[in-house]
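Here is how the chains run, residue by residue.
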Amino acid sequence: MLVKSFIALAACTRFARAVPYPHDSTSRVLPRAANSTTCPGYTATNVDVTDSGLTADLTLAGTACNAYSEDLQELKLVVEHQTDDRLHVKIFDAGLNMFQVQEDVLPRPANGKAASSGAAVRFDITAQPFGFKVIRNSNNETIFDTTGTPLIFEKQYVRLRTNLPKDPNIYGLGEHSDSFRFHTKGYRRSLLNAESINIPNNANLYGSHPVYFDHRGDKGTHGVFMLNSSPMNIDIDQNDAGSQYLEYNAIGGIVDLYFLAGPGPADVSKQYADVVGYSAMYPYWALGFHQCKYGYWDVNMVAEVVANYSTAGIPLEVMWTDIDYMDARQDFTLDPERFPLTKMQELVSTLHSRDQRYVLILDPGVHAFEEVAAYKSGHDLDVFLKAADGTDILGVQWAGAVAWPDWFHPNTQKWWTDEVLSFFDADSGVNIDGIWVDMNEASSFCHDTQTCNSRQKAIDDGIPPKPAFAPRPNTGRPIPGFPSSFQPDSSTKRDLEARQAMGQMKGFADREWFNPAYTVSNHVGGLSDQTIPFNTSNYDGTRQYDTHNLHGHMMALTTQKSMSARRPDVRPFVLTRSTWAGTGRKATHWFGDNASDWEHYRTSIRQMLSFVSMHQMPLVGSDVCGFNGNTNENLCARWAMLGAFQPFYRNHAELSTIQQEFYQWASVAVAAKKAIDTRYKLLDYIYTALYYQTTTGAPIINPLFFLYPEDANTFGIQEQWFYGDALLISPVTTDFSDTVTYYLPNDVFYNYWTLEKVQGAGTNVTETNLTTSDIPVHIRGGSILPMRMNSANTTKALRQEDFSILVAPGTDGSARGRLYLDEGEKIQQSDVSEVEFSFQNGKFTASGSFAYKGAVGESITVAKVLVIGQDKAGATGTFDAATGSVEVQGPWKLDGGFEFQL
């Protein structure tokens, strides 16, 4: 029985068939979740329709099937046209017992109560058996359809299935290392945050982002976000009749869906940011090159690495130190012999005097001994998760037996902030510039959390372990650029019971916490293996069963607030391993413990595409050259080039591996110098793209189909990308090869390195004889690139260089671009410039706002404008027939607009 439809209008685009999947092409048979024929579904009654939505009661339509737990008899349905392009559909239990994500974890977007008559999509409800469709009004394309498969809503199992078209183009649902565009038969995404050494395929990894993009060519793109943090399997498969579907199978929570109508892919990105929050703006220096390694075993070695980069002539912006700096690997401590406070302060002051930065790591587990100051202060404030007998729940991390902070406890923020303020005090502590939070899934070395004795496990494993290397001998040489005290020293050695509140959306108390009848695939073992036991109560009465996936998210947000308290005027920089929907509001992310192999080199591209364009986390990247296992010269050189064209650029490796700093091999040094030189010249273009993602949601990284949504050949491309909307990056991706075959859409492009005009024909192009310092980069026609005239050793020095503006006309001879200028680090920017560049009919114009005047010594001057793709000289400028360019000399200061006619 069709009860009601909501009519609206929307634009859309042409459908095209998917292209074959490159790499990772296997599929598997998924276990069926439940026999839908035995489950009665629900009946909708009391349907109350308004101009902007509806409400209804849902009642179990027959005998309970109790597929995996107890069916809930009474549900509520709320449908809201929150904006013209966002529809909210929420199905929850009438008793409000099922867990719902807390508002302070993810603040809900405002309901603008848009009129259904003007909305992009409509909601069609079928009352008996209950089902619904979401339909795009502009072309009647059904974008979500639950009819035909009954809703199952139980205490520990929620099943919702939507029908899909044949050969769908589905993306998102991070974090994973699989194909960028998903396989359509026998494919499962499991959302259960877990330690993920070597980031396995077809597995749950460090983060959970239950949002997918469905691209249907000229019929439009839409997104669907399931606001549910409970572990779940999302299956993409075909039924016995061959019909395609996507199915949610969650072990808790509710159905809380946000439909993002697009119609373009980038529109969906913005609409998702409207729901989960826009990214924070990060400091200018964060876009520089970063260096780290687990195994920099004393402060002298850290300084030596910095000096070696300087000696090699490779710019280094940020130096990092892993857990090596800690005393017995305990948070908020320094090893008194290897990383004494006075030397650490001297290291940081030296770095700062050289306009470089420093970042240190923190883990969530705090060593559970009274002698540990951070544990004692936290224990006094009662901030640790508790067992039923009131003792602290313990796990095992690097420090040994650890207690876990309860991020929902009202005292935790104060405790964590006090520790951060004290240990990282600018005068009496280590004056860091950023914090890296790791192991926050939360990962525990106790494999079976129900039977593992944490303290005995730590003793048995010898945690903290002995060093895997001998002390470095005293070379007797000072480290260049550092005080004379930085001499290697031969004597240095490495040595409450929470009550369940019913009716408050906190989850049922009488659940099977460890082995529910329906479980979620977990590559590390059982449902709560190697993490905090799922029956653990948080302070607010919720359980880890439902909030496990939020642990890293909460740690990152808590740390970001602590860093804000430490330096209230400065943009915080926090890097986190574990994430959830909306973590990008406050923190950056790297893709975890990858391997030094070619497949993970390629994987870094796929992960970047998902996180930046679909999960609204713009500042992401992988461990360049790989983390686990020994890299090699060829791979590291290629990765140095590739990493320079990804947002977050850090070389990082594991303790037992060889040294892989860029200066270790001559060819890698050559590649790194070229890569960083190019990146730094483009840094203001990158910074501008970052700014607009933080303010408009427009991705800093674009998959090709985002810019060419009707070109079916782009739908499966996962080893090329656009940096911003102007630069097409096409790296060599074949092992030890000097050849790459890449796709050029039917458009005008220009070779970035030679400025040669290239007409794309919607076909593949092959380049050969590419050295390890070569990477194909093309400028998209119609673009204007603001660049610095020269590179520099630091981003501060870079800002002293004049600008060069490169104009790359499109097929109609016009081009556009923009430049955002601010001070680079402060949260509140009193004066900023947003410059718009245009080129049309031979006329170049710079207009917009010009409030930013530049710091002392900083340049906001355009030295020249270079217009490429020209076949003759104009009345203005110098014509170069060899490159087909006209160069017009300035200077023009960007304290106002200017223009000229070629």
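Residues numbered from 1 in each chain as written. Predicted model: local features only at pLDDT ≥ 70, side-chain atom pairs only at ≥ 80, totals over all residues. Heavy atoms only, no water.

> Before we move on, could you go through the UniProt feature "domain: Glycosyl hydrolase family 31 C-terminal" (unreviewed entry) in the protein chain and cite the residues and values that matter?
UniProt tags residues 697-785 as "domain: Glycosyl hydrolase family 31 C-terminal" (unreviewed entry). When the span residues 697-785 is considered, its composition is 4% helix and 36% strand, and the gap between its end C-alpha atoms is 20 Å. (UniProt positions renumbered as here; feature names shortened; annotations may be inferred. Helix = DSSP H or I, 4+ residues; strand = E, 2+ residues; numbered from the N terminus.)

> Explain the state of the cysteines to me, and be specific about the residues and the numbers.
Under the definition given, this model contains two disulfides. There is a disulfide in this structure between Cys 39 and Cys 65, and the S-S distance comes to 2.2 Å. Around the S-S axis, the bridge from Cys 39 to Cys 65 shows a dihedral of about 80° and counts as right-handed. Taken together, the residues span a long stretch of sequence, with Cys 39 in the loop between β1 (2-4) and β2 (42-50) and Cys 65 in the loop between β3 (53-60) and β4 (74-83) at a distance of 26 residues. Between the sulfur atoms of Cys 625 and its disulfide mate Cys 636 the distance is 2.1 Å. Its S-S torsion of about 80° marks the bond between Cys 625 and Cys 636 as right-handed, since a negative value means left-handed. Of this pair, Cys 625 sits in the loop between β30 (623-624) and α10 (633-643) while Cys 636 is found in helix α10, placing the two residues eleven residues apart along the sequence. Just as Cys 625 is buried, Cys 636 falls in that class too. Considering cysteine sulfurs only, Cys 625 is the nearest to Cys 292, which forms no disulfide, with 13 Å between them. (Disulfide = S-S within 2.5 Å. Buried < 20%, exposed > 50% of the residue type's maximum accessible area, 1.4 Å probe, protein only.)

> Can you lay out the packing of aromatic side chains for me, pointing to particular residues and giving the numbers?
Centre distance and the angle of the planes are the two values used to describe a pair of aromatic rings. Scanning the entire structure with this criterion turns up 54 aromatic pairs. Seen from their ring centres, Trp 320 and Phe 573 are 6.1 Å apart, and the 85° between their planes marks the pair as edge-to-face. Counting every residue linked through ring pairs, the aromatic cluster contains Tyr 325, Phe 332, Tyr 375, Phe 384, Trp 407, Trp 415, Trp 416, Phe 423 and Phe 424. Of note, Lys 674 hangs over the ring of Trp 753, and the distance from its end group to the ring centre comes to 4.4 Å. (Phe/Tyr/Trp six-rings, centres within 6.5 Å; stacked < 30°, edge-to-face > 60°. Lys NZ or Arg CZ within 6 Å of the ring centre and 35° of its normal.)

> Please give an account of the pairing of strand β21 (residues 357-362) that cites residues and values.
Within β21, six of the six residues are buried, which leaves the element mostly enclosed by the surrounding structure. Of the two faces of β21, the one holding Arg 357, Val 359 and Ile 361 and the one holding Tyr 358, Leu 360 and Leu 362 are both buried throughout. When strand β20 (residues 318-321) meets β21, the two strands line up parallel, connected through four bridges. Its bridge partner being in β21, Met 319 is matched across the sheet by Tyr 358. After leaving β20, the chain enters helix α3 (residues 341-353) and then returns to the sheet as β21, a path that is right-handed. Bridging between β21 and strand β25 (residues 434-437) involves four bridges; their strand directions are parallel. Bridging from a neighbouring strand, Val 359 pairs with Gly 434 of β25. (Pairing = 2+ DSSP bridges. Right-handed = clockwise from strand over helix to strand, strands pointing away.)

> Tell me about the sheet that holds strand β33 (residues 721-723), and name the residues and values.
With antiparallel pairing, the six strands of this open sheet are ordered in space as β32-β33-β34-β39-β36-β37. The sheet is open, and its two edges are formed by β32 (701-702) and β37 (757-759), each paired on a single side. Pairing of strand β34 (residues 727-729) with strand β39 (residues 777-780), which is carried by three bridges, proceeds in the antiparallel orientation. Bridge assignment links Ile 729 to a residue of β39, and that residue is Val 777.

> Any chance you could break down the pattern of salt bridges for me, citing the residues and the numbers?
The tally for this structure, following the rule as stated, stands at 38 salt bridges. Residue Glu 141 pairs with Arg 216 through a salt bridge whose shortest N-O separation is 2.8 Å. One end of the pair, Glu 141, is in strand β8 (residues 141-145); the other, Arg 216, is in the loop between β14 (211-215) and β15 (221-226), and 75 residues separate them in sequence. This pair shows no difference in class: Glu 141 is buried, exactly as Arg 216 is. For Lys 681, the salt bridge is made with Asp 677, and the minimal N-O distance between the two is 3.4 Å. Of this pair, Lys 681 and Asp 677 both sit in helix α11 (residues 666-681), separated by four residues, roughly a single helical turn. By relative accessible area, Lys 681 is classed as partly exposed at 23%. Under the relative-accessibility criterion, Asp 677 is labelled partly exposed at 27%. What you see here is one network of salt bridges that share partners, running through Glu 195, Asp 438, Glu 441, Arg 577 and Asp 593. (Salt bridge = Lys/Arg side-chain N within 4 Å of Asp/Glu carboxyl O.)

> If you had to explain the nonpolar core to someone new, which residues and values would you point to?
By size, the foremost hydrophobic cluster in this structure holds 163 residues, and its most contacted members are Tyr 358 and Phe 662. A domain split of this core shows at least three residues from each of domain 1 (36-276) and domain 2 (698-901). When near neighbours in sequence (up to four residues on either side) are disregarded, Phe 662 contacts Phe 289, Tyr 309, Ile 314, Val 624, Cys 625, Cys 636, Ala 640, Tyr 649, Asn 651, Val 668, Ala 669 and Ala 672. Residues Phe 92, Phe 123, Ile 170 and Val 255 belong to the second largest nonpolar core, which totals 50 residues. (Core = buried A, V, L, I, M, F, W, Y, C linked by side-chain atoms within 4.5 Å. Domains from an automatic or database assignment. Contact = heavy atoms within 4.5 Å.)

> Tell me about helix α2 (residues 299-312), and name the residues and values.
Counted at 1.5 Å a residue, the expected span for α2 with its 14 residues is 20 Å, and the 20 Å between its end C-alpha atoms agrees. On its buried face, α2 sits against β19 (289-291), β20, α3, β21 and β31 (649-651). Within two residues after α2, Gly 313 carries a phi angle of roughly 75°, on the positive side. (Expected span 1.5 Å × (residues − 1).)

> Outline the sheet that holds strand β18 (residues 255-260), listing residues and values.
With antiparallel pairing, the eight strands of this open sheet are ordered in space as β2-β3-β4-β5-β18-β15-β14-β11. Two strands bound the open sheet, and with one partner strand each, they are β2 and β11 (169-172). When strand polarity is set aside, the average angle formed by the axes of neighbouring strands in this sheet is 20°. With seven bridges connecting them, β2 and β3 associate as antiparallel partners. Across the sheet, residue Thr 43 finds its bridge partner in β3, namely Thr 59. Where helix α1 (residues 265-276) meets the sheet, it contacts β5 (86-93), β14, β15 and β18, and its direction lies at approximately 25° from that of β15. (Axes fitted to C-alpha atoms, helices over the stretch in contact; angles between N-to-C directions.)

> Explain the side chain of Asn 137 to me, using residue names and the numbers behind them.
Residue position: Asn 137 is located in the loop between β7 (131-136) and β8. Of note is the side chain of Asn 137, whose polar atom sits 2.8 Å from the side chain of Arg 122. (Polar contact = N/O pair within 3.5 Å; in protein donor to acceptor, adjacent residues only side chain to side chain.)

> Account for the environment of Thr 519, naming residues and giving values.
With respect to the helices, strands and loops of the structure, Thr 519 is situated in the loop between α6 (454-460) and α7 (544-547). On a C-alpha basis, the gap between Thr 519 and Phe 736 in space is 42 Å, while along the polypeptide they are 217 residues apart. Other than its neighbours up to four places away in sequence, Thr 519 contacts Asn 233 and Leu 527.

> Quick rundown of the domain arrangement of the protein chain? Include the residues and the values.
By domain assignment, the protein chain separates into domain 1 (36-276) and domain 2 (698-901). Spacing between the C-alpha centres of domain 1 and domain 2 amounts to 39 Å. Across the contact, twelve residues belong to domain 1 and ten residues belong to domain 2. Each partner contributes to the roughly 960 Å² buried at the junction of domain 1 and domain 2, and carbon and sulfur atoms together form 71% of this total. Of all residues in domain 1, Phe 180, His 215 and Pro 265 give up the largest surface area on contact with domain 2, accounting jointly for 44% of the area buried on that side. Where domain 1 meets domain 2, there are zero salt bridges. Broken down by secondary-structure element, the contributors of at least two residues to the side of domain 1 that touches domain 2 are β11, β14 and α1. Broken down by element, the side of domain 1 that touches domain 2 gets its largest block of residues, three residues, from α1. Class assignment for the residues of the side of domain 1 that touches domain 2 results in five nonpolar, five polar and two charged. (Buried area = accessible area lost by both parts, 1.4 Å probe. Nonpolar A, V, L, I, M, F, W, Y, C, P; charged D, E, K, R; others polar.)

> Which residues make up the packing of helix α5 (residues 412-423) against helix α8 (residues 551-566), and what values go with them?
Where α5 meets α8, the closest approach of the two axes is 9 Å, and the angle between their N-to-C directions is 50°. In terms of orientation, α5 lies oblique with respect to α8. By crossing handedness, the relation of α5 to α8 is classed as right-handed. Residue-level inspection shows Gln 413, Trp 416, Thr 417, Val 420 and Leu 421 of α5 in contact with α8, the latter providing Met 555, Thr 558, Thr 559, Lys 561, Ser 562, Met 563, Ala 565 and Arg 566. (Parallel < 35°, antiparallel > 145°, perpendicular 65-115°, else oblique. Left-handed = near helix turned anticlockwise from the far one by under 90°.)

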